[in-house]
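# Examining the three-dimensional arrangement
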Amino acid sequence: MTATEAQKQKYEKAFNLFDKDSSGKISTSELKSLLESIGQVVSDEDISSLLDSVKDRDGDRTTLNLEEFTDLVESRVAGLNKSVLFALSELDTNKDGYVDPNELLKSLKVKLAGKMIDEKIKDICDKMMAQADKDKDGRISYKEFAAMM
């Protein structure tokens, strides 16, 4: 099974959980309940805007079918990946694809200058490295950084 097939199965499983009436579509009320269940505060206008952001595949702009739901999730994941990559690139000053302790410390010192003493910033840096550096190679990879975010 390819990763794409595995991901599609996950999307379908999630879709079926949110399709409360088993209609094969997620209605605006089901979508609103879904978003509220994960802590999002959304208006009816937000829901309409979200539906409008997805290519309509079945002629019904008031619901999401599985294909449309998959498109929506994939577009949100792609946007998140771009945000994580941008954040990593801001910290990765030597552009080697990793954030090492010195890069993280330097960035924290710039961001927290005057708000905290260097010793406290170093302590925060050490804790962040210990938490994020899962493979214990002394640096944070893209995958580790994304998991931390």
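Everything numeric here is computed off the predicted structure, so don't read it as measured data.

Turning our attention to unusual backbone geometry. With a phi close to 55°, Ser22 is a non-glycine residue in the positive phi region. By the secondary structure assignment, Ser22 is in the loop between helix H1 (3–18) and strand E1 (26–27). Here Ser22 falls in the exposed class, since its relative accessible area comes to 63%.

Turning our attention to the packing of helix H2 (residues 28–37) against helix H3 (residues 44–52). Close contact between H2 and H3 brings their axes to 10 Å; oriented N to C, the two are set at 105°. Judged by the angle between their axes, H2 and H3 are roughly perpendicular. Note on element contacts: H3 touches H2 through Asp44, Ile47, Leu50 and Leu51, opposite Thr28, Leu31, Lys32 and Leu35. Split into classes, the residues belonging to the contact of H2 with H3 amount to five nonpolar, one polar and two charged.

Here helix H5 (residues 101–112) is twelve residues long and its end C-alpha atoms lie 16 Å apart, about the 16 Å a rise of 1.5 Å per residue gives. Among all positions of H5, only Glu103, Leu104, Leu105, Ser107, Leu108 and Leu112 are buried. The residue sitting at the N-terminus of H5 and contributing the capping side-chain oxygen is Asp100; that oxygen lies 2.9 Å from the backbone nitrogen of Asn102. Phi turns positive, to about 80°, at Gly114, one or two residues after H5.

Moving on, we get to H3. The complete set of buried residues in H3 reads Ile47, Leu50 and Leu51. Relative to the axis of H3, the buried residues are bounded by an arc of 95° and lie together on one face. Exposed residues lying more than 90 degrees from the buried face of H3 are Glu45 and Asp52.

Before going further, it helps to examine the packing of aromatic side chains. By the definition in use, this model includes two aromatic pairs. Ring geometry for Phe18 against Phe69: centres 6.3 Å apart, planes inclined by 55°, an arrangement best described as tilted. A residue pair is termed long-range when its members are at least 10 positions apart, and Phe18 in helix H1 and Phe69 in helix H4 (residues 66–91) qualify at 51 residues. Judged by relative accessible area, which is 24%, Phe18 ranks as partly exposed. You can call Phe69 buried: its relative accessible area is 5%. Among the aromatic residues, those joined into a cluster by ring pairs are Phe15, Phe18 and Phe69. We note Arg139 situated over the ring of Tyr98; from NZ or CZ to the ring centre the distance is 3.5 Å.

With that out of the way, let us pick up the pattern of salt bridges. With the rule as written, the count across this model stands at ten salt bridges. Salt-bridge contacts for Lys25 lead to Asp58; the nearest nitrogen and oxygen are separated by 3.4 Å. With a gap of 33 residues between them, Lys25 in the loop between H1 and E1 and Asp58 in the loop between H3 and strand E2 (63–64) connect regions that are remote in the sequence. Judged by its relative accessible area of 29%, Lys25 falls in the partly exposed class. With a closest N to O distance of 3.2 Å, Lys32 and Asp44 form a salt bridge. Here Asp44 lies in helix H3 and Lys32 lies in helix H2, a separation of twelve residues in the sequence. Owing to a relative accessible area of 22%, Lys32 belongs among the partly exposed residues under this scheme. The class for Asp44 is exposed, based on a relative accessible area of 52%. The structure contains a network of salt bridges with shared partners spanning Lys25, Asp58 and Asp60.

Calculation rules
Residues numbered from 1 in each chain as written. Predicted model: local features only at pLDDT ≥ 70, side-chain atom pairs only at ≥ 80, totals over all residues. Heavy atoms only, no water. Helix = DSSP H or I, 4+ residues; strand = E, 2+ residues; numbered from the N terminus. Buried < 20%, exposed > 50% of the residue type's maximum accessible area, 1.4 Å probe, protein only. Axes fitted to C-alpha atoms, helices over the stretch in contact; angles between N-to-C directions. Parallel < 35°, antiparallel > 145°, perpendicular 65-115°, else oblique. Contact = heavy atoms within 4.5 Å. Nonpolar A, V, L, I, M, F, W, Y, C, P; charged D, E, K, R; others polar. Expected span 1.5 Å × (residues − 1). Polar contact = N/O pair within 3.5 Å; in protein donor to acceptor, adjacent residues only side chain to side chain. Arc of directions from axis to C-beta. Phe/Tyr/Trp six-rings, centres within 6.5 Å; stacked < 30°, edge-to-face > 60°. Lys NZ or Arg CZ within 6 Å of the ring centre and 35° of its normal. Salt bridge = Lys/Arg side-chain N within 4 Å of Asp/Glu carboxyl O.

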